[in-house]
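Each chain, written out:
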2 protein chains.
Amino acid sequence: MPTPERTSLADIVGAARDIVEKEGLANLTMQAVAVRVGVRAPSLYKRVRNREDLVRLVTEATVRDLGKQLDAVAVNGDARRDLGELCRTFRAFAHAYPACYRLIFAAGSEASRLDVGSLTAAAASVLRVGMELAGPGEALEAARMITAWAHGFVSMELAEAFNLGGDVERAFEYGIARLADSLATA
Amino acid sequence: MPTPERTSLADIVGAARDIVEKEGLANLTMQAVAVRVGVRAPSLYKRVRNREDLVRLVTEATVRDLGKQLDAVAVNGDARRDLGELCRTFRAFAHAYPACYRLIFAAGSEASRLDVGSLTAAAASVLRVGMELAGPGEALEAARMITAWAHGFVSMELAEAFNLGGDVERAFEYGIARLADSLATA
DNA sequence: ACCTGAACACCGTTCAAGT
DNA sequence: ACCTGAACACCGTTCAAGT
């Protein structure tokens, strides 16, 4: 006789994201997730292969959300201004969900590798601005430069690695301005 | 009656670095370290507070090594050329020790925060090039832009996040060239 | 078909007892 | 002074038994 479902994959991933953000990745235990969704830990294995798989699902949900935020950035027609908006939105997302953001480029083992599609979708807006600024011949290189810089910057911020003083806001705006200059000039 | 020391902190950290690089962070267990240095796991706690502390020590040793490599980059007097050498050395280090490199900007909790001194020392060479390129008024912003881009780039590479094809080597050299242009022009 | 208790292997850590 | 076995709490995961 079938038993009614008492939870769902969406519930489980949602609970996991919450735990990662509020209590840290180390406290994301199967037991903690189970309590939140109202089942016992072994039941989670009906919907999730293992803990590593759950972390991957959390990461992919985060990438999709980031992609949506970047997609929603208004296109001004002014490539320079679009670049600034895009970078600030990217940074704001990382500040809003630092623990989940950190997972995105932390992939180590094969099993934790992200789905290619979700990364590609998230990169679409950046690719468009790269095209606007640098033209079709160097759009990909330009997009990679923008993403690398933006990710590196917020990654260092989140690690509290900017410890030489100075104004971090100013350093971020400085970076946007230099990027716009150099990509458009090239 | 005193017992002779059968290991040392340096031994322990060395073994831990080896394990992280060859078997991954997840396989860095106190037991695995103990076997390598020839004691039982509980003995490690005489020299290391806990596992998290050991990971921090591994990270700091890695930062010091990276700093040494960057310091050893020859100064050509040509800031543009120095920038290229510095970035390529940085990237080569990350490729040589990917698992340990990843730890550097992964710091989450307070206890895993790196010693400020070791980060500052590693940044000295970059700061010098930032000064050469952008002048004293914007040396710090320039150094932050260089570090953010270089870290972001290799971080994405290590995560295999460049999945739109294209030539990654070319994208790296493109980035160096754009950085040199924009920082020197500003 | 889903859920559970019981069980297992494994891990970090503590501590009293050895030398 | 350092090292160890024994012990504890905790975690991921499996599985037979329930409904």
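Residues numbered from 1 in each chain as written. Chains lettered and ligands numbered in written order. Predicted model: local features only at pLDDT ≥ 70, side-chain atom pairs only at ≥ 80, totals over all residues. Heavy atoms only, no water.

**Student:** Would you mind showing me how to read unusual backbone geometry here?
**Tutor:** A negative phi angle characterises most non-glycine residues, just as the trans form characterises most peptide bonds. Its identity as a non-glycine residue notwithstanding, E160 of chain A has a phi of 55°, on the positive side. Relative to the helices and strands, E160 of chain A is located in the loop between α7 (139-158) and α8 (168-185). (Helix = DSSP H or I, 4+ residues; strand = E, 2+ residues; numbered from the N terminus.)

**Student:** Please explain the side chain of H151 of chain B as it appears in this structure.
**Tutor:** Its place among the elements puts H151 of chain B in helix α7 (residues 139-158). Note on H151 of chain B: relative accessible area 5%, which makes it buried. At 3.0 Å, the side chain of H151 of chain B and the side chain of S155 of chain A are in polar contact. (Buried < 20%, exposed > 50% of the residue type's maximum accessible area, 1.4 Å probe, protein only. Polar contact = N/O pair within 3.5 Å; in protein donor to acceptor, adjacent residues only side chain to side chain.)

**Student:** I'm lost on the protein's contact with DNA strand D in this one. Help?
**Tutor:** Around DNA strand D, a shell composed of 22 residues is seen, among which Y45 and R51 of chain A together with R6, R40 and S43 of chain B lie nearest. In DNA strand D, the atoms that sit within 4 Å of the protein are 67% sugar and phosphate, with bases accounting for the remainder. Between a base oxygen of DNA strand D and a side-chain N or O atom of T3 of chain B, the distance comes to 3.2 Å. The side chain of S43 of chain B places a nitrogen or oxygen atom 3.1 Å from a phosphate oxygen of DNA strand D. (Near = heavy atom within 4 Å.)

**Student:** It is not clear to me how helix α2 (residues 30-37) of chain A should be interpreted in this structure. Could you clarify?
**Tutor:** In an α-helix, one turn spans 3.6 residues, which is why side chains three or four residues apart end up on the same side. All names here are of chain A. The set of residues buried in α2 consists of M30, V33, A34 and V37. The buried residues of α2 occupy an angular sector of 100° when the element is viewed end-on, so they sit on one face. Structural note: α2 exposes Q31 and V35 on the side pointing more than 90 degrees away from its buried face. Each element contacted by the buried residues of α2 is listed here: α1 (9-23) and α3 (51-71). Of the residues flanking the end of α2, it is G38, one or two places downstream, whose phi is positive at about 80°. (Arc of directions from axis to C-beta. Contact = heavy atoms within 4.5 Å.)

Purely geometric stuff here, so don't read any function into it on its own.
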